[in-house]
2 protein chains.
Amino acid sequence: MPALKKESETALLRRTTKYQPPGSWRTWLIGRPLRTADAPHQTIGKAVGLAVFASDALSSTAYATDEILFVLAAAGTAAFVYALPISLAIVALLAIVTLSYEQTIHAYPGGGGAYIVARDNLGEAPSQIAGAALLVDYILTVAVSVASGVAQMSSAFPFLFNHRVLLAVAMVLMMMVINLRGVRESGAILAIPSYFFLGIILLTVGSGALRYLMGDLGIVENPPHLEKEPHLQSVALFLILHAFSNGTTALTGIEAISNGVTAFKEPRSRNAGITMIWMSVILGILFFSITFLTGKIGAIPSETETIISQLARTAYGGRGLLYLATIGGTTLILIMAANTSFAGFPRLSALLAEDGFLPRQLTYRGSRLVYSRGIVALALVASGLIVLFGASVNTLIPLYAIGVFVSFTLAQAGMAHRWWKVGRLRPGEEATERGSTLRYEPRWALKMAINGFGACCTAVVTLVFAVTKFHEGAWIVMFLIPLLTLVFFAIHYHYRDLAARLSLERYGAPGRVTRQRVILPLSGVHRGTLAALRYARTLSDDITAVHIGMDQAEIDSLRRKWESWGDGVRLVVLDSPYRLLLEPLLGYIEEIAAQRQPNEIITIIVPQFVPRRWWHNFLHTQTAMWLRLMLLFKPGIVITDVPYQIE
Amino acid sequence: MPALKKESETALLRRTTKYQPPGSWRTWLIGRPLRTADAPHQTIGKAVGLAVFASDALSSTAYATDEILFVLAAAGTAAFVYALPISLAIVALLAIVTLSYEQTIHAYPGGGGAYIVARDNLGEAPSQIAGAALLVDYILTVAVSVASGVAQMSSAFPFLFNHRVLLAVAMVLMMMVINLRGVRESGAILAIPSYFFLGIILLTVGSGALRYLMGDLGIVENPPHLEKEPHLQSVALFLILHAFSNGTTALTGIEAISNGVTAFKEPRSRNAGITMIWMSVILGILFFSITFLTGKIGAIPSETETIISQLARTAYGGRGLLYLATIGGTTLILIMAANTSFAGFPRLSALLAEDGFLPRQLTYRGSRLVYSRGIVALALVASGLIVLFGASVNTLIPLYAIGVFVSFTLAQAGMAHRWWKVGRLRPGEEATERGSTLRYEPRWALKMAINGFGACCTAVVTLVFAVTKFHEGAWIVMFLIPLLTLVFFAIHYHYRDLAARLSLERYGAPGRVTRQRVILPLSGVHRGTLAALRYARTLSDDITAVHIGMDQAEIDSLRRKWESWGDGVRLVVLDSPYRLLLEPLLGYIEEIAAQRQPNEIITIIVPQFVPRRWWHNFLHTQTAMWLRLMLLFKPGIVITDVPYQIE
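Rules used in this analysis
- Residues numbered from 1 in each chain as written.
- Chains lettered and ligands numbered in written order.
- Predicted model: local features only at pLDDT ≥ 70, side-chain atom pairs only at ≥ 80, totals over all residues.
- Heavy atoms only, no water.
- Core = buried A, V, L, I, M, F, W, Y, C linked by side-chain atoms within 4.5 Å.
- Buried < 20%, exposed > 50% of the residue type's maximum accessible area, 1.4 Å probe, protein only.
- Helix = DSSP H or I, 4+ residues; strand = E, 2+ residues; numbered from the N terminus.
- Contact = heavy atoms within 4.5 Å.
- Domains from an automatic or database assignment.
- Expected span 1.5 Å × (residues − 1).
- Pairing = 2+ DSSP bridges.
- Right-handed = clockwise from strand over helix to strand, strands pointing away.
- Least-squares fit on C-alpha atoms with pLDDT ≥ 70 in both.
- Axes fitted to C-alpha atoms, helices over the stretch in contact; angles between N-to-C directions.
- Parallel < 35°, antiparallel > 145°, perpendicular 65-115°, else oblique.
- Left-handed = near helix turned anticlockwise from the far one by under 90°.
- Nonpolar A, V, L, I, M, F, W, Y, C, P; charged D, E, K, R; others polar.

### Notes on the nonpolar core
Move 1: Counting residues in hydrophobic clusters, the biggest one holds 132 residues, and the most contacted among them are Leu72, Val146, Phe342 and Phe405 of chain A.
Move 2: The element that contributes the greatest number of residues to this core is helix H6 (residues 124-156) of chain A, accounting for 15 residues.
Move 3: Setting aside its immediate chain neighbours within four residues, Val146 of chain A contacts Thr141, Ala168, Met171, Val172, Met175, Ala338 and Ile386 of chain A.
Move 4: Ranked by size, the runner-up nonpolar core spans 131 residues in total, among them Leu283, Ile375, Leu396 and Leu425 of chain B.

Listed below in structure tokens is the structure:
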């Protein structure tokens, strides 16, 4: 046994590795690796903030009206008149939710998504439900936005319609690569498409409105055919509610600013709040005007031509340059909307992983300082959805927005509870929670009422969703969110349990190892075996070489060789009448292990030769690998590989 | 360092393991494991021998005539008259090959397949070509025989036609399971279907012949439609040769007895030789009569009804019991024929593996004493072929029989060379080769002429095959056989090279290890880490714990814990600015390894905690696994896993 050196102090060295990742195809695709210290810290103003955060919300105007009409079409085109009152109701809901979220922004200046608000105010289970709901909806945002973007493009260029799945998947993969490179979310570049869309869509709606007022708007020329045969049913309440559910997709994305408050310039809560109100006003006006004009021109919902396309070519009197600009702008904003999910999904999943509800690997920031694994996961799942649903917006919509409204409800309920807690504080008193600081606020009761009312409204809408869209596919999401929540808790339980079992608290250090027994399995006597024997000698005197014998001639030859090369180490030959290799060896090791003393350790030394080419491994039974896998589960046994490189 | 015990003698212990494999689903499927000592040794007589070995050869009468007619049909039904002279030529070829092989049986009483004959007389390359050709043809025998068996069944029960691929694959898998159980090849059980087929087919042919002689045979009622539109081309030589090529599939399987001489009772060469001549006579008569009667009844080749079916219902005047017995008997013999491949393929591949031309794993006999891996490989590849070719005999045939004729040619050429060597011996002199013993033989020149003529004939037929069936698919096999031969040699080179590099000849034993340096990578300080540290202390005083630091807070916490638990061992923290884990660690280890002295060894101790459920592994980065994979290639480094089981 080596003598022990007792030191009173532990030497600590710190070194910076000079390792510079080499260039490869990955460098070419996503750019050279960035140092952790290179992480950017940049804030943005209101104008750029609007451009960055509004794309998700504004882009929903590209399909919300279509989706209302698709439902109403079941009762014939006459039912289209109901679209206008429905959109008014949606705008009212928008106002309520905006007011609610504006309060959240001020309460959580450090960023307060539904996950954090629910975690701090409602507890673990609701926050995990919110997390699951949001993750599901991030995925759907990518699928729906990209599918709608492709639908816009194929409205202008019908030959694209047959390739829409391919086109959509290609777009998702392109976005994946761009996000793996790590796009700076801030920056004027991203503002250009948003403002371009805003300009062109306002021009389109404005021209339409002007021509309507002047009385020469007319109706859509050659509208697409109504795809579903109307049942000529009476317009029941269910149908209206169903159309309303579909239309509320217009609200998706308005929560984005509340997640990204930290990106704004100081005073950030104020700037973010104002930006959010601007955004909601623009969204409300746009959505209402589009629905209004759609009714006037008699547009027909269709998989082959979007409402925006029908509106633009009617407003501009043909498929001219302005028409193409409208389609282009709409496609761009939809892609930008999908892109916001590529920022949100990885960040949220990293947050969940940090809290121990998702695999820890998701917190790892890749070579470009982004959560690469989350980005790749999102792209893969969204592409899968697109393929599964044939890139049809109309088929994806029933799954969409439920997650968003679940998270709206939880966030507002959490806020209401927060105000109640604020009301319990004395004036001037402060209380710190994980995500924010509570300060006394005299008007807490009013604010609680606003958030409470918001929560009730969105809860009712969620219920309406569940009922009206259940059979169309909403059941998938309603099944998925609780399932994911359960998975999150199973993961959490594992991490907590593991930490407890590895913890050093109340841990009595085990005694010193005083005896080493070494077992050296042999398949033959060769240079690799001798290298292992040489190593074994450094560990202990108590070495047993073990050979599993199947063939007498082989055993005899091995014995002869061992006598001259085995350095006097004892050899045990185990007969294996059933020609099994691992089982008799494991049986023998177990027998030895059963007689183990507390301070004794058994080391299995596995000679492993390393062939020069990877495919050579197929030419050898990977006994070492299997042996290791099976021995890992036996306590008190250490496995040592002595590699012998074939040169 | 432990003191060294010098012993003059090596202790050798021998133990029989009591390990009895436990029952499992495999036991249920393929039966309880057998001991090596349980291997059966049983010999058979001529009558059973005929039944066992003739199925492959005789079964080809079930499709050989069809395949001749399929080709001739290209020139219209009038060309069918050429079938009779073609079949006469094939019977003549059969006689030549039989004569040739009869001599092989006497020369190789220990079993002399083409592989062994070529190996002993022509050298390595021709023997590997023969091996590749035979392996390819074993696979095709399974595919063609099973496909033809299914075609017989669907002739009687047409509704089966649409499920033929599924049916054929199910049959192959069933045969795989039966063969994994290890059917005794000998035994009267196997004789029953063979003799049943022989009886019923002779009755069918006899009835047909009798009715023809009495003039009331008539022609096929409702014959199937001719599937290909005839081109009304003149009957060119090419077409005749093509039809001949297709017809020679009748000869496949006649070599079976020469491989299995050892199975016969003594005097085994004589018994095997006589059996082979019987078999050829029966085959010749059957094939000729079927072709003859086919012409008389005006049968039409078709994918939906076989010639045997048309002949049987014409001979018996309808689809009665005797008709069904004929179909049943034919199907049975075809399945038996496929079954012979399940015996031959694994045995030949084990032979090649023993010689080091295929992966050694193929020599492993499974729990039922059969070469399980070869059986499974054959079933998988044959099933793949069946699916690929839609279980159509007519599509598979162009690939078939080329391998057999290549091996015929090589075997007969080898035999001719062997007689030449015999001619060089003095009377009474003997010479021993790997597979047989050469003895002087006065009539060596005549025997050499017979084998030489056989070789020439089969070589010419092989050429005719290659030319006439090239564009139909023969090119696949003509490409595959050389490719496989190359792969065999690549494998052989690897094994030979490896043996040389591991060999202890002219090997100077390396010096003793005098110094151990231990590196202990740490991700955190917990019970698992401490177990690894405890083990490391038994190896050396020179221990360095290494932590890859990415986060300052984490580094500080680790340092504090290490100061109280690290037992004074020095800790090196490597900064990783690019957030990489393995690369900086590997860089550090390489640096240490570069300073290694000749008798120093570096041990990397990897603490590895073993979670309780396998899926928990997805929740942890498998650093230990990656580290091992990357370190395996660095000389002078030993990797030790210290598992810590979470209970």
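Next comes the rest of the description.
### Describing the domain arrangement of chain A
Move 1: Here the domain parsing of chain A yields domain 1 (42-414 + 448-495) and domain 2 (515-645).
Move 2: Each of domain 1 of chain A and domain 2 of chain A has a C-alpha centre, and these two points are 62 Å apart.

### Let's talk about helix H11 (residues 268-297) of chain B
Move 1: Between the first and last C-alpha of H11 of chain B there are 43 Å, a value that for 30 residues agrees with the 44 Å anticipated at 1.5 Å per step.
Move 2: One or two residues past the end of H11 of chain B sits Gly298 of chain B, with phi positive at roughly 65°.

### As for the pairing of strand S5 (residues 543-549) of chain B
All names here are of chain B.
Move 1: Of all seven residues in S5, seven are buried; the element is thus mostly enclosed.
Move 2: As paired elements, strand S4 (residues 515-522) and S5 share five bridges and run parallel to each other. Across the sheet, the residue bridging to Leu520 is Ala545, located in S5.
Move 3: The parallel pair S4 and S5, bridged by helix H19 (residues 527-539), forms a crossover whose chirality is right-handed.
Move 4: Judged from the six bridges that link them, S5 and strand S6 (residues 570-575) form a sheet pairing that is parallel. Opposite Thr544, over in S6, you have Arg570 as the bridge partner.
Move 5: Handedness of the crossover is the feature at issue here: the chain leaves S5, passes through helix H20 (residues 552-565), returns alongside S6, and the resulting connection is right-handed.

### Quick notes on the relation of the copies chain B and chain A
Move 1: Of the transformation superimposing chain B on chain A, the axial component is 0.0 Å and the angular component is 180°, with the fit at an RMSD of 0.1 Å. Classification of the inter-copy transformation places it as that of a two-fold axis. Measuring from the rotation axis to each C-alpha of chain B, the shortest distance belongs to Thr640 of chain B, at 2.0 Å.
Move 2: In this assembly, 99% of the residues forming the interface of chain B have copies in chain A that are likewise at the interface, indicating an isologous arrangement.

### So, the packing of helix H3 (residues 64-72) of chain B against helix H9 (residues 237-247) of chain B
Geometrically, a packed helix pair is captured by the angle between its two axes and the distance between the axes.
Residue and element names in this part refer to chain B.
Move 1: Look at H3 against H9: their axes get within 8 Å of each other, and the N-to-C directions meet at 160°. As far as their axial angle goes, H9 and H3 are roughly antiparallel. The chirality of how H3 crosses H9 is right-handed. Touching Ala64, Glu67, Ile68, Val71 and Leu72 of H3 are Leu239, His242, Ala243, Asn246 and Gly247, all from H9.
Move 2: Residues that form the contact of H3 with H9 fall into these classes: six nonpolar, three polar and one charged.

### Remarks on the environment of Lys421 of chain A
Residues and elements named next belong to chain A.
Move 1: As for its position among the elements, Lys421 is in helix H16 (residues 402-424).
Move 2: For Lys421, a relative accessible area of 18% corresponds to the buried category.
Move 3: Counting along the chain gives ten residues from Lys421 to Ala431, while the straight-line C-alpha distance between them is 9.6 Å.
Move 4: Setting aside its immediate chain neighbours within four residues, Lys421 contacts Asp120, Asn121, Glu433 and Leu438.

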